[in-house]
Amino acid sequence: MKMGPFLRHENATDKMMRNLFIALMPILIFGFYKNGILPFLHGYATIYGMLYPLLLVFVSVMTSYVSEYFFIRILKGRSKEETKKELKQSFWIFPGLFLSLIVPYNTPLVLMAIASFIASILGKMLYGGFGYNLFNPALIGCLFLLTIYGAQIATMGGYLNTEEIRVVSGATPLANVSLVDGIGTYETLVEPYGTLASFFLGTIPGAMGETSACLCLLAFFFLSYKRVIKWKIPTFYIGTVFLLTCIIGSMNGVGLWYPIFQVLSGGLFFGAVFMATDPVTSPITSIGQVLYAILLGILTVAFRYLSPLPEGVLTSILTMNLFVPILDKIGSSRGNASKKMALPLFICCFFSFLLIRQVVGKYTKTEERDSNFSVVSEEKNGNQTTYIVMQKGNGGLIQSKLTLEDGKVLSFQVLEEHETDAYYQMVMDANYIDTLLKKQNQIEEVDTISGATISSKALKKTMINVLKEAGVLK
Amino acid sequence: MIGVSLKKKKEMSMQCFEEELQPEDVYLPITKEDKIFVKTGDDVKEGDILGRYTKYDMPILASIGGTVSITPDLPYIHIKNNGEVTSFSKKEKRRDYTREEMLSLLKEAGICGMGGAGFPTYLKYDTKEKVNTLIVNAVSCEPYITSDFVCILKHASIILETISILMNTFAIKECIIAIKAKSPLLKEALLTRASAYEKIRVSEVPNLYPMGWERALVRYLKHTDYKNIPLEKGIVVNNVSTIYAIGQALFYKKPLLDRIVTFSGEQMKKPCNIQVKIGTKISTILEKIGVESNSTLILGGPMMGRELDLENDVILPSTTSVLALPRQEIEETPCMKCGKCTENCPSKISPILIRENKNNKDALTHLNPEACIACGICSYICPAKIAVKESVQEAKDRMRGRKK
């Protein structure tokens, strides 16, 4: 006997997805305007350069379509009609679309296609298709791209578009945090890119979809009003990051601009509104959502300060995806809400405390002399001075020999290192030492190599410390 | 406040009311365990007691006068109408009843809950606990159903007088009549008369589904929660149609023989409320009203009801409505875990997680499917059109089965 309800709410999955698509459009258009049209108008890009952002999106989305089509048609052996229907219910456009909005601008089209293929197939279809994936597909694709080709893309300009690469000549804002000792100042963190308003509007360097917090905020209101996304997740996520960086900032004596800067950079808004709220990979229960968001905030801050991954949003979301079943278990068990929340919240507070202590401790230490550096020998030979120095790297001490003449480093030779081979190789492949030598006058502004941040940073520090030793730098 | 706003569609059937239909036949459902006092060929009068239901010891009442026929193995007593009508018009003047008299009157008149569950009313009062509050449920939060509203509009005076007698008998301190907000007709009908009774007040509740759920009403009106039954907090909740039936028994010595039923829905040719005899076959009424082809016939409300069995279903005291809705094919798509079923569940359980774990008893213990009240919001709200409620009900049965 058929049971009620015989009524159905008019809201359907495809309507929700349509609204999600609508919410992404302004972001896509802005990304095209900022990275394609503006550089073209300012004479920094050719027509191809102007269309490049759209090409990225197109290649990514088409790859998603083609891979899902073939997966369903050939691997699952469905008929043409069935494939058409399954594709419609699979919402193939999203992994590709999201992915193209978060990858570095300088990703070659071939790599874009590969990443999109990984996102759709590995991130989604192999799990059983729409609704069954454990991890956010777009983030899986992006993680793959950055891990394997991150350094390569970084040498091509990374996240900087054709205009920024000539005008800004630096890293994305958050990569700057790891560049400077201590917590950073308004002059080093915000001013190179304008004001905090530029961060809010999105005229700063960064992935196509990630820079404009303003548009993400609009999308958040629209999607929450349309009940497409779980509004608690972005709210608590951004709130936690704000609160933690506020505490860290104030303990280091910087103003309110600091937490605002932290919240507005590194694609946090885009990640919080679109990625963390992906319905399939986020908790169902309200308690689960709140805990998920708070933990995301803690993880993101931890990644930003304590790991070589300056942005942290991607990694935290993928990590938290793993915990969704557990969070739902907590959220759906018997008992009243406050009892269920008590223990997890206590754990969150404990982690936050550890994190803040660690971060604050780290910076008060580095404000003094670099204790990771020591001079083994200093030898004068005419005008030239040769230093043998040790700097702590990722896998122990790196011993290098540097020769200076008239306050200029002539040669930089690594004598002994115990770095992880793959990372060190990345540093070598990027000719990082040559870069350091070439840019020794603006040494502070040289980027570390993402993916091999510690090793590259150690080399950079060696250079800085030797320059300090020689009295060239203060 | 947890609940969803539904399109009420009540105006469809509000305009039309039809008096008692005298059916040719009635079929009174029985089971093998029930005691039957009559045999095939006996002539009975309207209101005669034909036997007793073993469960709760309630009387089986002849809703029409006629000739009885009982076929072994068939689960009903059939009465063929002989046209004899008993008049229940003599008005009883008595207003003071003892507790015991009232309980036996409720029981012998066959009064039971007319809002949906059909639980005997005398049992709600037959308790050592003190009843402080009587909540009269006139919310009727499901779409289309107007039988309670029509009952109030027609019989507001009797209803109020009955409440007053019940309150005297059981020494109840206050009575709250709960009606849904924005129904000026009801409010007017009740308020103008209720002012004469100082302990009775009319309270408007939000226009949400499932606001008529006992627990939701108690939460909203008395700001308290109970474990199993509201009596734990000194509260009794009665449906307004039940109160009217009690009034009939008090003032006219007329047991529960008929009720007002809503026949509505887009596919019903003439939506209306009809006062019908208990035991009338629903298909015979539908033939008279006329139903468009290609419709889904529903017994009860569109949310909690079930598909009508044209062959067997008869009007019961708990039948609030019969609906004819356009037939629609509902196709399930994959769940994307949006969490809407959980967010909107009035019992605060997680329907989709119960569905995913419906074969895992250990997981179910924690997910508490027994708390499900079958309101159907989860299936209603689901953007993937998944029949979540059915899975939860399955899980609920499974858990109950384990306990036995």
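Given the structure is predicted, the values throughout are model-derived calculations rather than measurements. Residue positions within a chain follow its written sequence, with the count starting from 1. Labels are handed out in written order, letters beginning with A for the chains and numbers beginning with 1 for the ligands. With the structure being a predicted model, the display of local features is reserved for residues of pLDDT at least 70 and the display and counting of side-chain atom pairs for 80 or more, all residues being used for whole-chain, interface and lining totals. Excluded from the side-chain calculations are hydrogens and water; all other atoms, namely the structure's heavy atoms, are used.

## A look at the overall build of chain A
Helix numbering and strand numbering both begin at the N terminus, where a helix is a DSSP run of H or I of at least 4 residues and a strand a DSSP run of E of at least 2. The number of helices and strands found in chain A is 21 helices and 4 strands. Our radius of gyration is a C-alpha quantity, and the globule rule it is checked against amounts to 2.2 Å times the number of residues to the power 0.38. Whereas a compact globule of 474 residues would reach a radius of gyration of roughly 23 Å, chain A reaches 24 Å, a difference of no more than 12%. With the C-alpha coordinates of chain A rotated into their principal frame, the extents come out at 100 × 55 × 40 Å. Between buried and exposed lies partly exposed: a residue is buried under 20% and exposed over 50% of the maximum accessible area for its type, with that area taken using a 1.4 Å probe on protein chains only. By residue count, 54% of the 474 residues in chain A fall in the buried class. A contact between two residues is defined here by any heavy atoms of the two lying within 4.5 Å. Taking the intrachain contacts of chain A between residues at least 6 apart in sequence as the baseline, contacts between residues at least 24 apart amount to 66%.

## Structural notes on the interface of chain A and chain B
With 31 residues of chain A at the interface, the matching set in chain B holds 42 residues. Reported buried area values correspond to the accessible surface (1.4 Å probe) lost by two parts on association, with both partners' losses combined. Of all residues in chain A, the largest losses of buried area upon contact with chain B belong to Phe6, Arg8 and Ile284 of chain A, amounting jointly to 23% of the total for that side. What makes a salt bridge here is a side-chain nitrogen of Lys or Arg within 4 Å of a carboxyl oxygen of Asp or Glu, nothing more. Viewed at the interface, chain B and chain A are joined by 3 salt bridges. Think of a polar contact as two N or O atoms within 3.5 Å of one another; within protein, one of them needs to be a possible hydrogen donor and the other a possible acceptor, and neighboring residues in sequence only count if both atoms come from side chains. Linking chain A to chain B there are 14 residue pairs in polar contact (both at pLDDT 80 or more). Contributions of two or more residues to the side of chain A that touches chain B are made by helix H1 (13-41) and helix H17 (324-332) of chain A. The biggest single contributor to the side of chain A that touches chain B is H1 of chain A, with 3 residues. Of the residues belonging to the side of chain A that touches chain B, the class tally is 13 nonpolar, 10 polar and 8 charged. Residue polarity follows a fixed list, in which Ala, Val, Leu, Ile, Met, Phe, Trp, Tyr, Cys and Pro are nonpolar, Asp, Glu, Lys and Arg are charged, and the others, Gly among them, are polar.

## Description of the pattern of salt bridges
Side-chain pairs of opposite charge can arise where the charged atoms are in close proximity. Enumeration over the complete set of coordinates arrives at 28 salt bridges over all chains. Salt-bridge contacts for Lys85 of chain A lead to Glu331 of chain B; the nearest nitrogen and oxygen are separated by 2.9 Å. Highlighted residues: Lys85 of chain A in helix H3 (residues 80-88) and Glu331 of chain B in the loop between strand S17 (321-326) and helix H9 (340-344), drawn from two different chains. We note a salt bridge from Arg95 of chain B to Glu161 of chain B, for which the minimum N-O separation is 3.1 Å. Residue Arg95 of chain B is located in the loop between strand S8 (76-81) and helix H2 (99-108), and its partner Glu161 of chain B is located in helix H4 (residues 147-170); the two are separated by 66 residues in the primary sequence. In this structure Glu161 of chain B comes out as partly exposed when scored by relative accessible area, which is 21%.

## Some remarks on the packing of helix H6 (residues 137-155) of chain A against helix H16 (residues 313-321) of chain A
All names here are of chain A. For every element, the axis is a line fit to its C-alpha atoms; helices are fit only across the contacting stretch, and the angle between N-to-C directions ranges from 0 to 180 degrees. It is at 10 Å that the axes of H6 and H16 come closest, and there the two elements cross at 125°. With respect to H16, the axis of H6 lies oblique. For the pair H6 and H16, the sense of crossing is left-handed. Here Leu139, Ile140, Cys142 and Leu143 of H6 come into contact with H16, specifically with Leu314, Ile317 and Leu318. Roughly parallel means an angle under 35 degrees; roughly antiparallel, over 145; roughly perpendicular, 65 to 115; everything else is oblique. Crossing chirality is assigned from the near helix's rotation relative to the far helix, an anticlockwise turn below a right angle marking it left-handed and a clockwise turn marking it right-handed.

## Quick notes on the side chain of Asp313 of chain B
All names here are of chain B. Within the secondary structure layout, Asp313 lies in the loop between strand S16 (306-307) and S17. A distance of 3.0 Å separates polar atoms of two side chains, one belonging to Asp313 and the other to Arg306. For Asp313, the residues in contact, after removing those within four places along its chain, are Thr280, Lys281, Ile282, Leu299, Arg306, Glu307 and Leu308.

## Re the sheet that holds strand S10 (residues 174-180) of chain B
Where strands meet in a sheet, backbone hydrogen bonds hold them as pairs that are either parallel or antiparallel. All names here are of chain B. Strand pairing requires that DSSP identify at least two bridges connecting the strands. Pairing in this open sheet of 4 strands is parallel, and the strands run S11-S10-S9-S12 from one edge to the other. For this open sheet the edge positions go to strand S11 (200-205) and strand S12 (235-239), each flanked by a neighbour on one side alone. Each strand of the sheet is rotated relative to its neighbour by a mean of 25°, with strand direction disregarded. Bridge analysis of strand S9 (residues 133-138) against S10 gives 6 bridges, and the strand direction is parallel.

## Remarks on unusual backbone geometry
Residues and elements named next belong to chain B. Note the cis peptide between Tyr209 and Pro210, where omega equals 0°. Relative to the assigned elements, Pro210 resides in the loop between S11 and helix H6 (214-222). Unlike most non-glycine residues, Lys253 shows phi in positive territory, near 55°. Mapping Lys253 onto the fold places it in the loop between helix H7 (240-252) and strand S13 (258-264).

## Comments concerning the environment of Ala45 of chain A
All names here are of chain A. Within the secondary structure layout, Ala45 lies in the loop between H1 and helix H2 (47-75). Between the alpha carbons of Ala45 and Asn35 there is a distance of 9.4 Å; along the sequence they are 10 residues apart. When sequence neighbours within four positions are dropped, the list of residues in contact with Ala45 reads Pro39, Phe40, Met50 and Thr162.

## What about helix H15 (residues 286-306) of chain A?
One less than the number of residues in a helix, times 1.5 Å, gives the span that helix is expected to have. With 21 residues, H15 of chain A should cover 30 Å at 1.5 Å per step; its first-to-last C-alpha distance of 30 Å lies within 8% of that length. Burial of H15 of chain A is extensive: 16 of the 21 residues sit out of reach of the surface.

## Things to note about the confidence of the model for chain B
The predicted coordinates ought not to be read in detail in places where the model reports low pLDDT. Each residue carries a pLDDT score, the predictor's own confidence in it, on a scale running from 0 to 100. Across chain B, the average pLDDT comes to 89, with 99% of residues at or above 70. Interface scoring of the predicted complex returns ipTM 0.85; its pTM is 0.80.

## A word on the nonpolar core
Residue and element names in this part refer to chain A. Ranked by internal contacts, the top residues of the largest apolar core, which has 98 residues, are Phe98, Tyr237, Phe270, Phe274, Tyr292 and Ile317. With 10 residues, the top contributor of residues to this core is H15. Aside from chain neighbours lying at most four places away, what touches Ile317 is Leu139, Tyr237, Gly271, Met275, Ala276, Tyr292 and Leu296. By nonpolar core is meant a set of buried Ala, Val, Leu, Ile, Met, Phe, Trp, Tyr and Cys residues that side-chain atoms within 4.5 Å join together.

## Observations concerning the pairing of S8 of chain B
All names here are of chain B. Of the strand pairs in this sheet, strand S2 (residues 25-29) and S8 are connected by 5 bridges, and their pairing is antiparallel. Counterpart to Asp25 in the pairing with S8 is Lys80. Sheet topology note: the strand S7 (residues 66-69)/S8 ladder contains 4 bridges and is antiparallel. Bridge pairing in S8 places Thr67 opposite Lys80.

## Focus: the packing of H15 of chain A against H16 of chain A
Residue and element names in this part refer to chain A. For the pair H15 and H16, the least separation of the axes is 8 Å and the interaxial angle reads 140°. As summarised for this structure, H15 and H16 are arranged oblique, according to the angle between their axes. Relative to H16, H15 is oriented so that their crossing is right-handed. Packed against H15, whose contacting residues are Tyr292, Leu295, Leu296, Leu299, Thr300, Phe303 and Arg304, the element H16 presents Val313, Thr315, Ser316, Ile317, Thr319, Met320 and Asn321 at the interface.

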